[in-house]
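Summary of structural features
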Amino acid sequence: MIDIERHGDCAVLKFNRPDALNALNADGLSALEEALKELETSDARALILTGAGDRAYCAGADINELGPRTPGQVRAAARRGQAIGLQIENLPFPSIAVINGYALGGGLELSLACTFRLAARTAMMGFPEVKLGICTGWGGTQRLPRLIGPQDALDLLMSGRLIDGAEAENVGLVYSAFDGDPIEAGLTFAANFTANSLPAMRFVREAVLRASDLVLEEGFRTEADLSTLSYQLEDSAEGVAAFLEKREPAFKDR
Ligand code: COA
């Protein structure tokens, strides 16, 4: 249900259950948790998440498993989906959701935890949970307004309408829309990052992610702390030396 491939420096994680538009059932969620745990300690320098087949990225939680449950079970399921989002967000390298076909509900929510999202121009994205009479619960209500602002977030979350890649790019839900092969689009985009120092990029990412939660002065202090930490890296000495010696840096990620 979850495949991992390697393409050079990049790991590619595929939601692979095409018969159900790659929807995530309990087994799929366990496989995803396991795959992300293994990726945490892999030597990959970027992760691309995409869907197997040409119809879907991931159509969300498996609706067959959303029947009668106790409030405690429902809450645990929401917390589990949120925790998987944090597994993705906290990976030591950039993650790029490459959305091909349907990305719905929980599938789209997990993409919000990625560092970047790209979408095929023909992709269809949205949060149809409200049409099932339920409230989005895998982090979407919190990450979406931080990403695109409350009005556009409320529009998508409360209408349940689907938007294509071009509209998703306009609203800022995805970084850019592409035509053509998803893996190629993902690998080309990932190449912007893979030669950089992973810890330096992690510090930047942490500062930016915290920016929307902190008042400005606290944000500045966080930035100063992370900047100070970055100067303790061997990579910072290497980066500066390489510039002065007019050569490419050879970062060691420490
Ligand atoms: N959970 C379980 N199965 C799903 C699914 C989901 N989230 N989304 C799609 N499927 C299954 C369908 O039941 C169907 O299975 P079947 O062939 O055994 O009947 C198969 O995937 C193909 O979907 P189908 O609905 O026939 O394709 P379509 O092109 O007519 O419609 C969608 C595509 C995406 C519009 C439609 O499948 C849909 O609305 N899915 C639900 C998405 C959703 O609400 N996700 C949020 C869950 S919280």
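All figures in this text were calculated on a predicted structure; none of them were measured in a lab.

Glycine aside, residues mostly have negative phi, and peptide bonds are mostly found in the trans state. Positive phi outside glycine occurs at L21, with the angle close to 50 degrees. Backbone geometry places N22, a non-glycine residue, at a positive phi of 60 degrees. Along the polypeptide, N22 turns up in the loop between strand 2 (10-15) and helix 1 (26-40). Accessibility expressed as a relative area gives 2% for N22, which makes it buried.

When the domains of the protein are assigned, the result is domain 1 (2-190) and domain 2 (198-244). For domain 1 and domain 2, the distance between their C-alpha centroids amounts to 27 Å. Listed by partner, the interface residues are 10 residues for domain 1 and seven residues for domain 2. Area buried by domain 1 at its contact with domain 2 is led by E89, P92 and R146, which between them contribute 53% of it. Taken together, the links from domain 1 to domain 2 amount to one salt bridge. The residue R146 makes a salt bridge to D213 at a minimum N-O spacing of 2.9 Å. Linking domain 1 with domain 2 are four residue pairs in polar contact (both at pLDDT 80 or more). Here the residues of the side of domain 1 that touches domain 2 sort into five nonpolar, two polar and three charged.

The element strand 2 is largely enclosed, with a buried count of six among its six residues. Across the two faces of strand 2 the burial is the same, with C10, V12 and K14 and A11, L13 and F15 all buried. Across six bridges, the pairing between strand 1 (residues 2-7) and strand 2 is antiparallel. By the bridge assignment for strand 2, R6 is matched with A11. Connecting strand 1 to the antiparallel partner strand 2 that follows it, the hairpin turn spans two residues, and G8 within it adopts a positive phi of roughly 60 degrees. Each parallel crossover has a hand, and the one from strand 2 via helix 1 to strand 3 (residues 46-51) is right-handed.

Here we come to the layout of surface pockets. Taking a probe equal in size to a water molecule and rolling it over the atoms shows the remaining empty space. Taken as a whole, the largest pocket holds about 1,100 Å³ of empty space. E89, L112, C114, R205 and L209 are, among the 36 residues lining the largest pocket, the residues nearest its centre. Listing elements by their share of the lining of the largest pocket, those giving two or more residues are helix 2 (71-89), strand 7 (116-120), helix 4 (140-148) and helix 8 (198-211). The dominant element in the lining of the largest pocket, judged by the number of residues it contributes, is helix 8, at nine residues.

Here we take up the sheet that holds strand 1. Within the open sheet, the six strands sit side by side as 1-2-3-5-7-10. Their pairing is mixed. If you trace the sheet from one side to the other, it starts and ends with strand 1 and strand 10 (176-178), each paired once. Shown here is a sheet whose adjacent strand axes are inclined to one another by a mean of 25 degrees, direction ignored. Pairing of strand 3 with strand 5 (residues 95-99) involves three bridges; the strand directions are parallel. From the neighbouring strand, L47 faces strand 5, where its bridge partner is S95.

Around the ligand, a shell composed of 16 residues is seen, among which D19, R55, A59, A61 and I63 lie nearest. At a separation of 2.5 Å, an oxygen atom of the ligand approaches a polar side-chain atom of R55. Contact with the protein chains covers 56% of the free accessible surface of the ligand, which is 860 Å². For the shell around the ligand, a count of residues per class yields 11 nonpolar, one polar and four charged.

About the criteria used
Per-chain numbering applies: the sequence of each chain, read as written, is numbered from 1 onward. Under the rules for a predicted model, residues below a pLDDT of 70 receive no local features and side-chain atom pairs below 80 are neither given nor counted, while totals for whole chains, interfaces and linings still include all residues. To obtain the side-chain values, all non-hydrogen atoms of the structure were used and water was disregarded. Note on conventions: DSSP H or I runs of at least 4 residues are helices, E runs of at least 2 residues are strands, and numbering of each starts at the N terminus. The classification of residues rests on relative accessible area computed with a 1.4 Å probe and restricted to protein chains. Under 20% of the type maximum is buried, over 50% is exposed, and intermediate values are partly exposed. Bear in mind that the domain bounds are from an automatic or database domain assignment. Any pair of residues with heavy atoms lying within 4.5 Å of one another is described as a contacting pair. When two components associate, each loses some accessible surface as probed by a 1.4 Å sphere; the sum of these losses over both components is called the buried area. The rule for a salt bridge is simple: a side-chain nitrogen of Lys or Arg has to be within 4 Å of a carboxyl oxygen of Asp or Glu. Polar contacts here mean pairs of N or O atoms no more than 3.5 Å apart (in protein, one a potential hydrogen donor and the other a potential acceptor; neighbouring residues in sequence count only if both atoms are side-chain atoms). Side-chain classes are defined by residue name, with Ala, Val, Leu, Ile, Met, Phe, Trp, Tyr, Cys and Pro counting as nonpolar, Asp, Glu, Lys and Arg as charged, and the others, Gly among them, as polar. Should DSSP find at least two bridges between two strands, the strands are taken to pair. Consider the strands pointing away from the viewer: the crossover is right-handed when the path from the first strand over the helix to the second runs clockwise. With a 1 Å grid laid over protein atoms only, a set of points is called a cavity when a 1.4 Å probe fits there but cannot get out and a pocket when it is open yet has protein on both sides within 12 Å along at least five of seven lines; lining residues have an atom within 4 Å of a point. Grid points are joined across faces, edges and corners, and a volume is the space filled by probe spheres set on the points. Axis definition: a line fitted to C-alpha atoms, over the contacting stretch in the case of helices. Angles run 0 to 180 degrees between N-to-C directions. We call a residue near a molecule or strand whenever a single non-hydrogen atom of that residue lies within 4 Å of it. Here the accessible surface of atoms and residues is derived via Shrake-Rupley with a 1.4 Å probe, and residues count as covered only by protein chains that are part of the display.

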